[in-house]
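Residue strings, one per chain:
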Amino acid sequence: MVKKNDINKSALKVNKGIDQPSQINENAVKKITNRVKPQLKIDDYINGILDGNRTILSRAITLIESSLFEHQKLAQQIIEKCLPYSGKSLRIGITGVPGVGKSTFIEALGKHLTSSGHKLAVLAIDPSSERTKGSVLGDKTRMEELSVDKNAFIRPSPSAGSLGGVARKTKETIILCEAAGFDIIFIETVGVGQSEITVHSMVDFFLLLMLAGAGDELQGIKRGIMEMADAIVINKADNDNLLKAKLAKREYENALHLYPPTESGWTPVVDTCSAINNDRIVNVWEIITKYIALTKNNGYFDKNRRDQSVKIMYETINESLKNSFYSEKNIKKLLDEFENDILNNKISSYVAAQKLLEIYFNKKKIDYK
Ligand code: GDP
C-alpha cells in the first residue's frame, strides 16, 4: 500500500507537465478574422450600389432579408437613399406552374436582352421556399448562362415565412437593383396560388406561361390569374407539341374575348414559343415593348406605378399593425383564453375581438405616454 507520504514517489503521481500549446492556432484565427467581411458604412453601401457593384448590392439585399433589428435599420436607410435613383426600369412579372419552362424562358429572353445592351435583374417570389429550402426558385443549376452573365443579376426568393414579408423584401430589392442600374427587372413566381396576385401588384407587365394540352385545372391556373395577364404565352411549342400549342393559342384567344376590357387600354395577347429552341422569344419581347409604348402614351403606365406605391403604403401599415398586435406579450397570452371562451360559447367572436383590440390600444396609449 502506498503511504500518504510516499505519494510523490508513486507512479500514480501526476507530474506537472510543460504548458500545452493552445488547441486553437492563433495565426489561423488571425487570418480568418482578417478575412471576415469588414462592416460597411451606409455611404459604402450607397456608393457601391450606385456604382453597380454587385457584391455590395448583394450584401445590401442580405440586410433587407435579415430579421435582425440592426440590419433592418441600416437596410431602411439604404433604401431611403436609393429611392431617388429608382423607378427607371421595366418591371416584368413572369408566372407559370413548375415545369412550364420559366427558367428556360428567362434564360433565353434574358440573354437576348443582355446581348442587346440591357442590364437585367431576376428576382423570385416563392413563399414556399422555406419549406423546400429554396430549391424551387433558388436552384443554382437554373439559368446557367445567365447566372454568369455580367449584365445579369439573379437573386433567389428570400426564404422568409409570410407572403407579405417576402413581397415587401422583393419590393425593396427592386429599388436597390434599379439604383444599381438594372433597367429590366424580372420577378418570377410559381403560378400556383396567391403569390402571382402579389407579383401583379408590383410589376408593369404580367406574363403568364402556359402549356398546351394540360387542362387549366391541371395547370393550377385560376381564371383570376388569366384575367391579370397582359400576355399568355404557350411554351414548348415545338416538335410533337407544335400543333397542340397552336390550337391552345386559339382557345385562349377565344376565352380572353369574354373578359371585360382592361383599364390599361391593352388587349391581352396570346402567343406561342419554344424557350428551349429560342424560337419566338423575340416576339414575346416585342409584345412587351408594344404594351409599354401604349401604356406610356396613354398615361396608364405612370398611373399604375402611382397606384401601386399608394397600395404599398397601406399594405405596410396593415402588415405592421398586424405584427405589432400579435407580438404584444399580453395579447399573445389573452388570445388563447378568448379562443377558449368563444369555443365554450362564453363570448361572441366580435366582442372578443373588440375587447382584445381595446386592451391592445390602451396598452399602446400607456407605452406612448
Ligand atoms: P420551370 O420549373 O417553370 O422553371 O421550368 P424549367 O425551365 O426548369 O423547365 C422544365 C423542363 O421543361 C426542363 O426539362 C426544360 O428543359 C423543359 N423545357 C423548357 N422549355 C421548353 C421548351 O420550349 N420546349 C421543350 N420541349 N421543353 C422545354
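Fair warning: this is a prediction, and the values are worked out from it, not measured in the lab. (Residues numbered from 1 in each chain as written. Predicted model: local features only at pLDDT ≥ 70, side-chain atom pairs only at ≥ 80, totals over all residues. Heavy atoms only, no water.)

(A) Representation of the overall build of the protein within the structure. Counting its regular elements, the protein contains 14 helices and seven strands. Counting the 369 residues in the protein, one finds 42% classified as buried. At a minimum sequence separation of 6, the contacts of the protein that also span at least 24 residues come to 75%. (Helix = DSSP H or I, 4+ residues; strand = E, 2+ residues; numbered from the N terminus. Buried < 20%, exposed > 50% of the residue type's maximum accessible area, 1.4 Å probe, protein only. Contact = heavy atoms within 4.5 Å.)

(B) A look at the packing of aromatic side chains. A full pass over the atoms with the stated rule returns six aromatic pairs. For the pair Phe325 and Tyr326, a centre-to-centre distance of 5.0 Å together with 90 degrees between the ring planes defines the contact as edge-to-face. Judged by relative accessible area, Phe325 falls into the buried class, the value being 10%. Ring plane angle 70 degrees and centroid distance 5.1 Å describe the contact between Tyr360 and Phe361, whose orientation is recorded as edge-to-face. Among the aromatic residues, ring-to-ring pairing joins Phe325, Tyr326, Tyr360 and Phe361 into one connected group. When the ring centre of Phe301 is taken as origin, the NZ or CZ atom of Lys296, which lies over that ring, is 4.7 Å away. (Phe/Tyr/Trp six-rings, centres within 6.5 Å; stacked < 30°, edge-to-face > 60°. Lys NZ or Arg CZ within 6 Å of the ring centre and 35° of its normal.)

(C) Quick peek at the pattern of salt bridges. On inspection of all chains with the given rule, the structure shows eleven salt bridges. Here Glu253 and Lys249 are joined by a salt bridge, their closest N and O atoms 3.0 Å apart. Of this pair, Glu253 and Lys249 both sit in helix H10 (residues 242-257), separated by four residues, roughly a single helical turn. Because the salt bridges share partners, they merge into one network encompassing Glu263, Lys303 and Asp307. (Salt bridge = Lys/Arg side-chain N within 4 Å of Asp/Glu carboxyl O.)

(D) Main features of unusual backbone geometry. Phi is positive for Asn239, close to 45 degrees, though the residue is something other than glycine. Mapping Asn239 onto the fold places it in the loop between strand S6 (231-235) and H10.

(E) Region of the structure containing the site of the ligand. Around the ligand, 15 residues are found, and the nearest of them are Gly99, Lys102, Thr104, Arg142 and Asp238. Here Thr104 contributes a side-chain N or O atom positioned 2.5 Å from an oxygen atom of the ligand. Contact between the ligand and Asn235: an oxygen atom at 3.2 Å from a side-chain N or O atom of the residue. Contact with the protein chains covers 69% of the free accessible surface of the ligand, which is 570 Å². (Near = heavy atom within 4 Å. Polar contact = N/O pair within 3.5 Å; in protein donor to acceptor, adjacent residues only side chain to side chain. Areas by Shrake-Rupley, 256 points an atom, 1.4 Å probe, with all protein chains shown as cover.)

(F) Examining helix H2 (residues 42-50) more closely. Within H2 the residues assigned to the buried category are Tyr45, Ile46, Gly48 and Ile49. Each buried residue of H2 sits inside an arc of 165 degrees when the element is viewed along its axis, so together they form one side. Looking at the buried residues of H2, the elements they touch are helix H3 (54-65), helix H4 (69-82) and helix H7 (163-179). Note on H2: the residue one or two positions beyond its end, Gly52, has a positive phi of about 80 degrees. (Arc of directions from axis to C-beta.)

(G) Summary view of the nonpolar core. Counting 51 residues, the largest nonpolar core has Ile49, Ile78 and Leu176 as its most contacted members. At eight residues, H7 tops the list of elements feeding residues into this core. No fewer than three residues from each of domain 1 (36-85) and domain 2 (87-298) sit in this core. Residues within four places of Ile78 in sequence aside, it is in contact with Ile42, Tyr45, Ile46, Ile49, Ala60, Leu63 and Leu176. (Core = buried A, V, L, I, M, F, W, Y, C linked by side-chain atoms within 4.5 Å. Domains from an automatic or database assignment.)

(H) Spatial organisation of the sheet that holds strand S4 (residues 184-190). Taken in spatial order, the seven strands make up an open sheet running S3-S2-S4-S1-S5-S6-S7, and their pairing is parallel. Two strands close off the open sheet at either side, each with one partner strand: strand S3 (152-155) and strand S7 (269-272). On average, each strand axis in the sheet is inclined to that of its neighbour by 20 degrees, with strand direction left out of account. Strand direction decides the pairing type here: strand S1 (residues 90-96) and S4, joined by seven bridges, are parallel. The residue of S4 that forms the bridge with Arg91 is Ile185. Each of S1, strand S2 (120-125), S3 and S4 touches H7; the most contacted strand, S2, lies at about 175 degrees to it. Along the sheet face, H10 touches strand S5 (205-211), S6 and S7 and points at about 175 degrees away from the line of S7. (Pairing = 2+ DSSP bridges. Axes fitted to C-alpha atoms, helices over the stretch in contact; angles between N-to-C directions.)

(I) Geometry of the packing of H4 against H7. Interhelical geometry of H4 versus H7 gives an angle of 50 degrees and a closest axis separation of 9 Å. As summarised for this structure, H4 and H7 are arranged oblique, according to the angle between their axes. Relative to H7, the crossing made by H4 is left-handed. The segment H4 lies against H7, with Gln72, Gln76, Ile78, Ile79 and Cys82 engaging Arg168, Glu172, Ile175, Leu176 and Ala179. (Parallel < 35°, antiparallel > 145°, perpendicular 65-115°, else oblique. Left-handed = near helix turned anticlockwise from the far one by under 90°.)

(J) Examining the confidence of the model for the protein more closely. Chain-level statistics for the protein give a pLDDT mean of 85 and a share of 81% at 70 or above. Confidence, read as mean pLDDT per element, is least for helix H6 (residues 135-138) in the protein (48) and greatest for helix H11 (residues 281-297) (97). Low pLDDT (under 50) marks residues 1-5, which in the prediction has two contacts with non-local residues, meaning those over four places away or in another chain. Considering only residues more than four positions removed or in separate chains, one finds that residues 130-136, a stretch of pLDDT under 50, has eight contacts. (pLDDT = per-residue confidence, 0-100.)

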